[in-house]
Amino acid sequence: MRSGVSLLFLFVARSCWCAPQQTCHPGDEFLGRCSNNVYEEKPKCTELNLGYCNDLEYSSTIFPNILGHRSRVDAESGAEYLLLSVIHGLLNGECSPEIRLVGCSVLASPCKDDKMIRPCRSTCEALRKDCAHAFEAIQMAWPYFLDCDRFFASDQEGCFDPLAGLKARQELAMSSLSPEEPSTIIQFTYTSNAQMYSLLKRTAAKCSHISHVYSIGRSTEGRDLLVIEFTNNPGQHELLEPEIKLVGNMHGNEVLGRQLLIYLAQYLCSEYILGNQRIQTIINTTRIHLLASMNPDGYELAAAEVEDSNDPELTNHEGHLLNGWTNGRGNAQNIDLNRNFPDLTSVFYRNRRSRHYRIDHIPIPDGYWFGKVAPETYAVMKWIRSLPFVQSASLHGGELVVSYPFDFSRHPQEERILSPTPDEKVFKQLARIYADAHATMSNNDTERCGASFYRTRGIINGAQWYSFAGGMSDFNYLHTNCLEITVELGCDKFPSEAELYPEWKRNKEALLSFLESVHRGIKGVVKDVDGVGIKGATISVKWIRKDITTAEDGDYWRLLNPGTYILTATAKGYSKVPVEPDIDDHLFPTVDTWDRFDPYHQFERYGEPDVAEEGIERQEKPWWWNYFSQSGVSPPHWLLRNV
């Protein structure tokens, strides 16, 4: 055996006697750094002629390339070139043209003096950080030929930044903007659910010092209800810092609000980094929560309908107009989410004349849970109850007006009758703030969508417009401290893509003004004699029959118009004045009854918080979890294996 090996070695050695020694390691040859074929012509710079990469900042390249392709034909027939040609479509336009430019710098690296200049590793690493979410959204691994350690060089080795030209053009475009124009660049296109999730996560990653994403639950079909938060201390409630929420896409086919909130998230992040003092003040003093899509399942239905209506083979090409007023409005169960909340307004009307009846923090009737509660509704109710929201807006489409509670008429036979809350003046002012800051909403000469609001300059009491029960705004007002308005953004529920930028310009100032308005009124902290904040203390304003309660640390915010008010603060167990019992005391909602939420645990599978990948809080537990947790009996191991 040994002699055979020796003979073979001698044979090989003698057959190669005249050739120089092998100096190129296999790995270097694969990377195109050298070749073991001594008779092969030495590589030289050649004209760059690679169809999908002909717009690069340089005109010459060299073969073999980094990937080992020995010619232009080899490169164009490789899987890497094919992937680059379709990556724009796969990622729905995200990370374009950056991914293509960096990929081309690997397939066809620049050449100088017959030597290859490899792309910079730092550029690759930055791109991967920015675009990882886009690949995760389509469940695709990061392309192997963009391996930053393997195919890219360090700055010390002398590398080439394939994105330098693109960055220079972007900086030039930024410098050419006038001071009145925004310096933030936003792509005004529609986003799929996957794109929306990816974009919000990327925005939060870019501004991790002021932003955070979390999920409040899942839709019927399992899609995340993803919220992006902005504050100077993400993930934490700060004493005396008011919390505000904006909710979009409650009706799946009313999509403009969804897009505006996605743009707003990008704008807040970018402008904060750029030093915009107004944006920095808003974020540093306010905790902002943006739920861009409350109904992602409905959006899928509506978007598919629009896509079909743009099919060139169809005879009618109305596009977005074909979406109509119903396709995708409800969730996947065909439930209208804005009719699915507990009807607390009827409870209020039945008991409003009782002297001691509180109209705030009205508990959810047990009978509500015997109906059909959508998982989206359930998730939002838990969210509303879990944070001390002060103010809110729900963005809709179909009209151009701001409406405010009550949405359900105080007279069962009169569907269109003014039905004011005790905070009628405050609500009107909140509606005015948005409508007046909007480019056209309060103008008398603005074309409307059928209804006429010229006398009220773009605002109206909800029930006076049309009455309905089970709405989210009435629930916010009667169950919590939060005052919510409904913003109807325009006649077209699914406007064409060309209208997205004009709509952003019309609504941007209104959105920012509304965020700033949460600081109207008064705020404070209720403490005991030891200086400890009291949770659940009641703040009452004389002559306004709507109380609010303090948050976890005793802080509170009471929205009020300018004026002089008399306030009192009371807390159970702290009153020194005896209170005589009243015949109506049984109507006074107690903390215990308000805390009854999903008392029969029918919907808890939508709700228990859990931590999933990427630190996003999820709300999922199996249906049997509460049974065992309340009974004190340990669940069997075969059940626990599935948790």
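This one's a predicted model, so the numbers in the text were calculated from it and none came from an experiment. (Residues numbered from 1 in each chain as written. Predicted model: local features only at pLDDT ≥ 70, side-chain atom pairs only at ≥ 80, totals over all residues. Heavy atoms only, no water.)

## Let's talk about the sheet that holds strand E10 (residues 399–404)
Two pairing modes exist for strands in a sheet, parallel and antiparallel, and in both the strands are linked by backbone hydrogen bonds.
Move 1: Overall, mixed pairing links the 8 strands, which are arranged E5-E6-E8-E7-E9-E12-E10-E11 in an open sheet. The open sheet has two edge strands with one neighbour each: strand E5 (211–218) and strand E11 (459–461). With direction set aside, neighbouring strand axes in the sheet form an average angle of 20°.
Move 2: In this structure, strand E7 (residues 243–248) lies alongside strand E8 (residues 287–291), joined through 5 bridges in parallel fashion. (Pairing = 2+ DSSP bridges. Helix = DSSP H or I, 4+ residues; strand = E, 2+ residues; numbered from the N terminus. Axes fitted to C-alpha atoms, helices over the stretch in contact; angles between N-to-C directions.)

## A few points about the state of the cysteines
Move 1: Per the counting criterion, the structure on display carries 5 disulfides.
Move 2: The disulfide partner of Cys 207 is Cys 269, and the gap between their sulfur atoms is 1.9 Å. Across the S-S bond of Cys 207 and Cys 269 the torsion is about 85°, and the bridge reads as right-handed. Highlighted residues: Cys 207 in the loop between helix H9 (193–206) and E5 and Cys 269 in helix H10 (residues 256–274), separated in sequence by 62 residues. In this structure, Cys 207 and Cys 269 share a single accessibility class: buried. (Disulfide = S-S within 2.5 Å. Buried < 20%, exposed > 50% of the residue type's maximum accessible area, 1.4 Å probe, protein only.)

## Topic: helix H11 (residues 277–285)
In an α-helix, one turn spans 3.6 residues, which is why side chains three or four residues apart end up on the same side.
Move 1: For H11, the complete set of buried residues consists of Ile 279, Ile 282 and Ile 283. Each buried residue of H11 lies within a common arc of 90° when the element is viewed along its axis, so the set occupies one face.
Move 2: The inward-facing, buried residues of H11 abut strand E6 (224–230), H10, E8 and helix H18 (500–516).
Move 3: Of the residues flanking the start of H11, the one acting as N-cap is Asn 276, its side-chain oxygen 3.0 Å from the backbone nitrogen of Arg 278. (Arc of directions from axis to C-beta. Contact = heavy atoms within 4.5 Å. Polar contact = N/O pair within 3.5 Å; in protein donor to acceptor, adjacent residues only side chain to side chain.)

## Section: the sheet that holds strand E17 (residues 567–570)
Move 1: Read across the sheet, 3 strands follow the order E15-E14-E17 without closing on themselves; strand pairing throughout is antiparallel. Looking at strand neighbours, the two that pair on one side only are strand E15 (544–549) and E17, the edges of this open sheet. Going from strand to strand, the sheet's axes swing by 25° on average, the running direction of each strand aside.
Move 2: Note: strand E14 (residues 538–541) against E17, 4 bridges, orientation antiparallel. Counterpart to Ser 540 in the pairing with E17 is Thr 568.

## Focus on the packing of H10 against H18
Move 1: Running from N to C, H10 and H18 cross one another at 65°; their axes reach a closest spacing of 10 Å. Relative to H18, the element H10 lies roughly perpendicular. In the crossing of H10 with H18, the sense of the turn from one axis to the other is right-handed. In this structure, H10 contributes Leu 256, Gln 259, Leu 260, Tyr 263, Leu 264, Tyr 267 and Leu 268 to the contact, and H18 contributes Leu 500, Glu 503, Trp 504, Asn 507, Lys 508, Leu 511 and Leu 512.
Move 2: Of the residues in the contact of H10 with H18, the class split is 10 nonpolar, 2 polar and 2 charged. (Parallel < 35°, antiparallel > 145°, perpendicular 65-115°, else oblique. Left-handed = near helix turned anticlockwise from the far one by under 90°. Nonpolar A, V, L, I, M, F, W, Y, C, P; charged D, E, K, R; others polar.)

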